[in-house]
Amino acid sequence: MTRKRVVVLGATGSVGRTALAVISEHPDLFSVEALVAGHDVDALAQLARSYRPKMVAIADEAGALALKSALSGTGIETGAGPQAVIDAACIDCDIVVAGIVGTSGLLPTFAAVKQGRMIALANKECLVCAGDAFMAGAEYYGSRILPLDSEHNALFQVLDGQDKKFVTKMTLTASGGPFRKWSKEAIDSASVEQALAHPNWSMGPKITIDSASMMNKGLELIEAHHIFGIPAERLDVLIHPQSIIHGLISFADGSVSAGMAMPDMRVPTAHCLAYPERITSGVVPLDLAAIGQLSFERPDLVRFPALALAHQALAAGGVMPAVMNAANEVAVQTFLNGQCAFGAISDIVFAVMEQAVGWTVGERSIERYLAVDVDARRIARDIITHYATMRL
Ligand SMILES: NC(=O)c1ccc[n+]([C@@H]2O[C@H](COP(=O)([O-])OP(=O)(O)OC[C@H]3O[C@@H](n4cnc5c(N)ncnc54)[C@H](OP(=O)(O)O)[C@@H]3O)[C@@H](O)[C@H]2O)c1
């Protein structure tokens, strides 16, 4: 494989650090060109000293001076604020790891798309918020989108260029999260600590809460719809607690192919970074005999209403996925701040979606979807303020 130049957006987070860990395994194959983070100046500066990029950028303008002084004398260019983040995302490279969390990642990632870059896309909220505009932009600018999310990565590998007209169903598996066997009442009053205790995956706080509510699987359904161009009725979710099979594709002749791997993000990350070649990821080989049994269950939409809301948003199309995503981001942060109950997350999302019935997309642009995102966040915050005592 010829040496690849990599930009990591969200370098200080779980996805970003996983990408850097894989890169560290192959110092001869990769160079790091730029690193981007949100607020954590110290962590970003430390990574910059290790990986020696040309540029680092922090979204939080207040971190400008601290970042500059932490890296003075290194020759590494520093920047702060939204434009600096976009400049770093656009620096010349072979692949951009899109690992910013939430809709904050949309503009920087799309800026890289506009440069025609190959994108290893983890930041699923980009596609949930503005999937049709994002994918149309990728096609227009010649940007290849490689799914880094484990389920979509497995499906991408299983599909392997086959014509999707032969695909009768794409199934995303879900571990079921920490509340798989809990009653609805217990789930609704779960603590932050309980919701953050994911059984199989170690990830950032937002996606971990989304996994506990199963909103994550809902976001992934919408992500799959846009990445693979598969309609909602041919997308399915299956609970698989061992997280060994990540995705299944059913074909017209009755064949079903499964994408399997250890539940470790280094696997899809290595796949994306090396694509179309293969490199080692540092993950132990899959030993099915040691695992013994793989089991499966249907998802329970009553105990996990967030997944039902995502099905509704996907079916409704238009602005509804963007509305749901924005409301969910606000609600999850409110829960993480200890200001609402776990069960209130889906109540808030539902209430915002109800208010958005009848909203039209108009022009399908990134800017339009971001405007919808802003409106939905405002409504979510109003609802939270209005029902401040809801389920507290
Ligand atoms: N973690 C996983 O295993 C996994 C798997 C599949 C998909 N994903 C998806 O990947 C994305 C990242 O997840 P994560 O778990 O890695 O999250 P995380 O650990 O919370 O990391 C988020 C990263 O985004 C940065 N960030 C936050 N706001 C920013 C902004 N406005 N501008 C620039 N950077 C910003 C953070 O910087 P600071 O540290 O400075 O705040 C951090 O580097 C999410 O969309 C998630 O759904 C994650």
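Residues numbered from 1 in each chain as written. Predicted model: local features only at pLDDT ≥ 70, side-chain atom pairs only at ≥ 80, totals over all residues.

A few points about the overall build of the protein
So the rule is basically this: By definition, any uninterrupted DSSP run of H or I lasting at least four residues is a helix, any uninterrupted run of E lasting at least two residues is a strand, and each is numbered from the N terminus. It is over C-alpha atoms that the radius of gyration is taken, and the globule rule equals 2.2 Å times the number of residues to the power 0.38. We call a residue exposed when 12 or fewer other C-beta atoms sit within 10 Å of its C-beta, buried when the count reaches 20 or more, and partly exposed for counts in between; the C-beta positions come from the backbone. Note that contacts rest on C-beta atoms placed from the backbone: two residues are in contact if these are within 7 Å.
Summing up its helical and strand segments, the protein has 17 helices and eleven strands in all. Radius of gyration (C-alpha) of the protein: 20 Å, near the 21 Å computed for a compact globule of 392 residues. Viewed in the frame of its principal axes, the protein has a C-alpha envelope of about 55 × 50 × 40 Å. Put simply, the protein has 392 residues, and 49% of those count as buried. In the protein, the proportion of contacts linking residues at least 24 apart, taken out of those at least 6 apart, comes to 70%.

Notes on the packing of helix α7 (residues 150-159) against helix α11 (residues 215-228)
Put simply, the test is: Interaxial angle, 0 to 180 degrees, is taken between N-to-C directions of lines fitted to C-alpha atoms, where a helix line uses only the stretch in contact. Should the near helix be turned anticlockwise from the far one by less than a right angle, the crossing is left-handed, and should it be turned clockwise, the crossing is right-handed. Nonpolar residues are Ala, Val, Leu, Ile, Met, Phe, Trp, Tyr, Cys and Pro. Charged residues are Asp, Glu, Lys and Arg, and all others, Gly as well, are polar.
Between α7 and α11, whose axes approach to 10 Å, the crossing angle comes to 30°. Here α7 runs over α11; the crossing is right-handed. For the pair α7 and α11, contact is made by E151, H152 and L155 and by E220, E223, A224, I227 and F228, respectively. Within the contact of α7 with α11, the residues separate by chemical class into four nonpolar, one polar and three charged.

With respect to the site of the ligand
The test is simple: Defining nearness, a residue is near a molecule or strand when the C-beta atom obtained from its backbone falls within 6 Å of it.
As a structural note, the neighbourhood of the ligand is formed by 30 residues, with G13, G38, A59, M203 and G204 the closest of them. Secondary-structure elements contributing two or more residues to the shell around the ligand are α1 (14-25), β2 (30-37) and α10 (205-213). Of the residues in the shell around the ligand, the class split is 14 nonpolar, eleven polar and five charged.

Looking at unusual backbone geometry
Of note, the amide linkage connecting Y275 to P276 takes the cis form, showing an omega dihedral of 5°. Position of P276 among the secondary structure elements: in the loop between α12 (266-274) and α13 (288-291). Of note in this structure, R52 is not a glycine but carries a positive phi near 50°. Residue position: R52 is located in the loop between α2 (41-51) and β3 (55-58). Classification of R52 by C-beta neighbours within 10 Å gives partly exposed; the count is 13.

Notes on the domain arrangement of the protein
When the parts of a complex come together, some accessible area is lost, and that lost area is often used as the size of the interface. Rules: Where each domain starts and ends comes from a domain assignment, either automatic or drawn from a database.
The domain architecture assigned to the protein consists of domain 1 (4-148), domain 2 (154-261 + 298-313) and domain 3 (317-392). The gap between the C-alpha centroids of domain 1 and domain 3 is 27 Å. Counting residues at the interface gives eleven residues for domain 1 and eleven residues for domain 3. Of all elements in the fold, only α5 (106-114) and α6 (125-141) reach the threshold of two or more residues within the side of domain 1 that touches domain 3. Among the residues making up the side of domain 1 that touches domain 3, the classes are represented as seven nonpolar, two polar and two charged.

Some details on the sheet that holds strand β5 (residues 95-98)
Going by this rule: Note on pairing: two strands pair once DSSP finds at least 2 bridges between them.
Across the sheet, seven strands lie side by side as β4-β3-β2-β1-β5-β6-β7; this open sheet has parallel pairing. For this open sheet the edge positions go to β4 (77-80) and β7 (145-147), each flanked by a neighbour on one side alone. Ignoring strand direction, the axes of neighbouring strands in this sheet form an average angle of 20°. In this structure, strand β6 (residues 118-121) lies alongside β7, joined through three bridges in parallel fashion. The partner of L121 across the bridge, within β7, is P147.

Looking at the sheet that holds strand β9 (residues 235-239)
The strand order across the open sheet built from four strands is β9-β8-β10-β11, with neighbouring strands paired in mixed fashion. Looking at which strands have only one partner, the edges of the open sheet turn out to be β9 and β11 (256-260). In this sheet, adjacent strand axes meet at a mean angle of 20° when their direction is disregarded. Bridge analysis of strand β8 (residues 167-174) against β9 gives five bridges, and the strand direction is parallel.

Focus: the packing of α10 against α11
Two measures define how a pair of helices packs: the angle their axes make with one another and the distance between the axes. Threshold: Convention used here: angles under 35 degrees read as roughly parallel, angles over 145 as roughly antiparallel, angles from 65 to 115 as roughly perpendicular, and any remaining angle as oblique.
Put simply, α10 and α11 touch, their axes get as near as 5 Å, and they point 100° apart. In terms of orientation, α10 lies roughly perpendicular with respect to α11. Residues I207, D210, S211 and S213 of α10 lie in contact with α11, whose contacting residues are M215, N216 and L219. Across the contact of α10 with α11, the residue classes tally to three nonpolar, three polar and one charged.

Considering the environment of M320
Take M320: it is sitting in helix α15 (residues 320-336). You can call M320 buried: it has 23 C-beta atoms within 10 Å. Taking the C-alpha atoms as reference points, M320 and A195, separated by 125 residues in sequence, lie 26 Å from one another. Excluding its chain neighbours within four sequence positions, the residues that come into contact with M320 are A313, M353 and A356.

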